[in-house]
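# Remarks on the overall topology
The lines below spell out each chain.
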Amino acid sequence: AGFTQSLSLECQALCPNVVCHTVHPGFVKTSLLKNGLKLDTTTLSSGEKRNAEKAWDIITVTESEEVAKSVLSQMLAEERFIVIGPDAYLNYWISTYIPRGVYLNN
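Residues numbered from 1 in each chain as written. Predicted model: local features only at pLDDT ≥ 70, side-chain atom pairs only at ≥ 80, totals over all residues. Heavy atoms only, no water.

## Side note on the environment of Asn 91
What counts is decided by this rule: Runs of H or I in DSSP of at least four residues are treated as helices and runs of E of at least two as strands, each being numbered from the N terminus.
Checked against the element boundaries, Asn 91 lands in helix H5 (residues 86–97). Along the sequence, Asn 91 and Gly 26 sit 65 residues apart, while their C-alpha atoms lie 8.0 Å from each other.

If you want it as structure tokens, here you go:
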């Protein structure tokens with residue numbers, strides 16, 4: 001988030017007629033994400049499949065249509081920093097207000 005925010009602020013200062021939007025959608029319920037996380041449930045037992053589907057529903061709380069509508073409406077409202085979904089807000093809050101060493105092993 002830091003790099004894109006810096007880039008957006010620099011663009012705003014140097015090119016005031018150009019509007020940059022930074023979008024942070026969190027986990028969105030899409031097949032692309034599901035396949036990327038390798039949540040293929042075809043080889044699982046019925047109990048394991050139910051557990052995987054429950055976990056998927058917990059992890060991905062934001063629907064893609066909701067993200068698209070929210071991004072469009074916030075862009076039209078000239079919002080420059082767009083955060084969508086409770087997981088994205090949590091991630092933004094952690095990365096902004098908690099020192100890096102507290103949540104990373106660096």
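Now that the structure is up, let's keep going.
## Quick notes on the packing of aromatic side chains
Applied cut-off: Two rings from Phe, Tyr or Trp (for Trp, the six-membered ring) form a pair when their centres sit within 6.5 Å of each other. Planes less than 30 degrees apart are called stacked, planes more than 60 degrees apart edge-to-face, and all others tilted.
Inspection of the entire model under this criterion finds one aromatic pair. Here the aromatic rings of Phe 81 and Tyr 92 are separated by 5.0 Å at their centres, their planes lie at 50°, and the arrangement is tilted. Remark: Tyr 92 occurs in helix H5 and Phe 81 occurs in strand E4 (residues 81–83); sequence separation between them is 11 residues.

## A few points about the side chain of Thr 62
We apply this condition: Think of it in three bands: with a 1.4 Å probe and only protein chains considered, a residue is buried below 20% of the maximum accessible area for its type, exposed above 50%, and partly exposed in between.
Tracing the backbone shows Thr 62 in strand E3 (residues 62–63). Classification of Thr 62 by relative accessible area gives buried; the value is 1%.

## As for unusual backbone geometry
With phi around 65°, Glu 78 is a residue other than glycine that occupies positive phi space. With respect to the helices and strands, the residue Glu 78 is situated in the loop between helix H4 (64–76) and E4. Residue classification places Glu 78 among the exposed positions, given a relative accessible area of 63%.

## Re the confidence of the model for the protein
Basically, it comes down to this: pLDDT measures the predictor's confidence residue by residue and takes values from 0 up to 100.
Here the protein averages 79 in pLDDT, and 82% of its residues register 70 or above. Here helix H6 (residues 100–103) is the element of the protein with the lowest mean pLDDT, 59, and H4 is the one with the highest, 92.

## Quick notes on the environment of Ala 88
Definition in use: Contact criterion: two residues are considered in contact whenever any of their non-hydrogen atoms come within 4.5 Å of each other.
By the element assignment, Ala 88 lies in helix H5. Sequence separation between Ala 88 and Pro 25 is 63 residues; the distance between their C-alpha atoms is 5.9 Å. If we ignore the near neighbours within four places in the chain, the residues touching Ala 88 are His 24, Pro 25, Gly 26 and Val 83.

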